[in-house]
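Understanding the architecture of this molecule
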There are 2 protein chains.
Amino acid sequence: MSTADPQVFRNCVRALTRDGQHRVWSLIITIFGDLAQKPGERISGAVLSRILGEVGVKPEAMRVALHRLRKDGWIESRRSGRASLYQLSAHGRAQSAAASPRIYARKPPAPDMWHLLLAGSGDSAGARELEHRLVGGDYLQLASNALLGKGPAPSGCDGLFAIEGHAASVPGWLRSRICPEALCTAYRRLKEALEQVCEQLEGAPPLPPLQAATLRVLLVHSWRRVLLRHPDLPEEFFPEGWPGSACREMVNGLLDRLERPALDVLERESMAP
Amino acid sequence: MSTADPQVFRNCVRALTRDGQHRVWSLIITIFGDLAQKPGERISGAVLSRILGEVGVKPEAMRVALHRLRKDGWIESRRSGRASLYQLSAHGRAQSAAASPRIYARKPPAPDMWHLLLAGSGDSAGARELEHRLVGGDYLQLASNALLGKGPAPSGCDGLFAIEGHAASVPGWLRSRICPEALCTAYRRLKEALEQVCEQLEGAPPLPPLQAATLRVLLVHSWRRVLLRHPDLPEEFFPEGWPGSACREMVNGLLDRLERPALDVLERESMAP
């Protein structure tokens, strides 16, 4: 097996971080979400600091972020000899598990049925019902009096007009509201970065586990940073030329190539000089 | 064959005219629509005056109404010896033919697909498109930014959000707007009148042709006066207890019983002393 060219890894990191430093606490959440989401899975301070060090995070910044995440109830820590071991709290694990299906989905959602709820003009009870449903997070607001949800219309919306079926036309004004120009630009920048990473890894020998883990974390992090800024909708709800599906495909391809390293492998490698 | 009791006919006329005099020009349109809608079918002034006379219309009022209908291009007249013969103009026939399917329908409409068109907030192009479609007459306005139409969404509504499918909930505010309380009352009054007519005709011998024609005209006229005051929608779009379907059934049953007399039979009877 040929040895990896260290420049390949550095170029990939540069491509995935060129749009400025990622927030450290948010990166740590991604590390746990990708590498140690299952109950009982722990990561040592040494592995965390190696991964974050590759991305340019200073030890002090890591300590501050870990402190904050513990305080906010996202992670828990315990000592094991001279090492600190970290794991997701039950709360952190639940949040992480809730986001994972969207982040790792192989395909965009493709519901075959939608429902639209419409409140009457000046009907304050109907308006309140819409607001209530909007807070639930399962609806896309189309207009002040209209929400769009997936699947058939729920029962108990007697005060609202409801129609359920197929979305026949998604106009430009809605597409640009779902994915405004700034977000489209972020998607295009991500696509460029992913293309560079694909190009670098094309034909290159496998990376050492800590480098593979680091790239996985940067990929997942860059992907979720754009993905979670808009509702989970099929391609027809996005502006013409939106490169979201191409990004999803590349992210999945790269994660397949950069196989998730086992935690004990990472721990052993982090102890090597 | 037993002779008809003249009181039966008088009671039926009274039931169908108790809510005040029908407009004479409108009654004449109903006469032509029911008895002489086909090209070439003509009705003499003598038959018109016998039918209208049964309903209490004075000869002078009939002359004024006929004059107005000729002037407005609804009917045409010609002399034939000492008699005047009247027929629908092409325009009048087209109007009459357009309304007939709704008036004589055996069942309320039951589309299995609807589409809803929604304009964006503050999108003046979308608002204009909705207005344009509303003028076409094929849409029900649900809100200032939302229209409901039958069947699948049309092509060329790119500026609007469109969903097509099944109406899952029709709220009370929409039902009362489609059929306000005053119209519901008119329906209930019609139902009472129709019940009285049914009761009168139950087991009675057939009426003479001019009386049958007169009752037909009053039935169709009373029915279309309420029916055409609201859009053509299935029962689920009407307030609870709306007796529209019961009325439709009784109207159809009575029209079946009061067979449409041939025009030459009416002409012969009108010349009898």
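Just so we're clear, the structure is a prediction, and the values are computed from it rather than from any experiment. (Residues numbered from 1 in each chain as written. Chains lettered and ligands numbered in written order. Predicted model: local features only at pLDDT ≥ 70, side-chain atom pairs only at ≥ 80, totals over all residues. Heavy atoms only, no water.)

Here chain A sits on chain B after a turn of 179° about the axis and a move of 0.0 Å along it, with an RMSD of 0.1 Å. One copy is carried onto the other by what is essentially a two-fold rotation axis. In terms of proximity to the rotation axis, the leading residue of chain A is glycine 165 of chain A, whose C-alpha is 2.0 Å off the axis. (Least-squares fit on C-alpha atoms with pLDDT ≥ 70 in both.)

Below, the discussion takes up the pairing of strand β2 (residues 75–80) of chain B. Every other side chain in a regular strand lies on the same face of the sheet, so the side chains alternate between the two faces. All names here are of chain B. Pairing of β2 with strand β3 (residues 83–88) involves six bridges; the strand directions are antiparallel. What sits directly across from serine 77, in β3, is tyrosine 86. Counted along the chain from β2 to the antiparallel partner β3, the turn is two residues long, and its residue glycine 81 has a positive phi close to 70°. (Pairing = 2+ DSSP bridges. Helix = DSSP H or I, 4+ residues; strand = E, 2+ residues; numbered from the N terminus.)

Moving on, we come to the interface of chain A and chain B. The interface is formed by 34 residues belonging to chain A together with 34 residues belonging to chain B. Between chain A and chain B, a total of about 2,200 Å² is buried, with carbon and sulfur atoms accounting for 67% of that surface. Taken as a group, Phe161, Ile163 and Trp173 of chain A account for 28% of the area that chain A buries against chain B, more than any other trio of residues on that side. Our enumeration of links across chain A and chain B arrives at zero salt bridges. Of all the secondary structure elements, the ones that give two or more residues to the side of chain A that touches chain B are β4 (114–118), β5 (139–143), β6 (146–150), β7 (161–169) and α7 (172–178) of chain A. For the side of chain A that touches chain B, the element with the highest residue contribution is β7 of chain A, accounting for nine residues. Looking at side-chain class alone, the side of chain A that touches chain B contains 21 nonpolar, ten polar and three charged residues. With seven bridges joining them, β7 of chain A and strand β7 (residues 161–169) of chain B adopt antiparallel strand pairing. Opposite serine 169 of chain A, over in β7 of chain B, you have alanine 162 of chain B as the bridge partner. (Contact = heavy atoms within 4.5 Å. Buried area = accessible area lost by both parts, 1.4 Å probe. Salt bridge = Lys/Arg side-chain N within 4 Å of Asp/Glu carboxyl O. Nonpolar A, V, L, I, M, F, W, Y, C, P; charged D, E, K, R; others polar.)

Residue and element names in this part refer to chain A. As assigned here, chain A comprises domain 1 (6–107 + 178–271) and domain 2 (114–165). The centre of domain 1, based on its C-alpha atoms, is set 36 Å off from the matching centre of domain 2. At the interface, six residues of domain 1 touch four residues of domain 2. Taken together, the two surfaces of domain 1 and domain 2 that pack against each other cover about 360 Å², and 80% of this comes from carbon and sulfur. Linking domain 1 with domain 2 are zero salt bridges, by the criterion used here. At the boundary of domain 1 and domain 2, one finds one residue pair in polar contact (both at pLDDT 80 or more). (Domains from an automatic or database assignment. Polar contact = N/O pair within 3.5 Å; in protein donor to acceptor, adjacent residues only side chain to side chain.)

The biggest cluster of nonpolar side chains holds 155 residues, and the ones touching the most others in it are Leu116, Phe161 and Phe237 of chain A together with Leu116, Phe161 and Phe237 of chain B. Those residues in contact with phenylalanine 237 of chain B, other than ones at most four positions away along the chain, are Phe161 of chain A together with Trp114, Leu140, Leu148, Ala167, Val170, Arg175 and Ile178 of chain B. (Core = buried A, V, L, I, M, F, W, Y, C linked by side-chain atoms within 4.5 Å. Buried < 20%, exposed > 50% of the residue type's maximum accessible area, 1.4 Å probe, protein only.)

Turning to the environment of tryptophan 25 of chain B, a few remarks are in order. Residue and element names in this part refer to chain B. Summarising the element assignment, tryptophan 25 is placed in helix α2 (residues 24–35). Under the relative-accessibility criterion, tryptophan 25 is labelled partly exposed at 29%. As for tryptophan 25 and valine 64, which are separated by 39 residues in sequence, their C-alpha atoms are 8.5 Å apart. If near-sequence neighbours (up to four positions away) are discounted, tryptophan 25 is found in contact with Ala65, Arg68 and Leu69.

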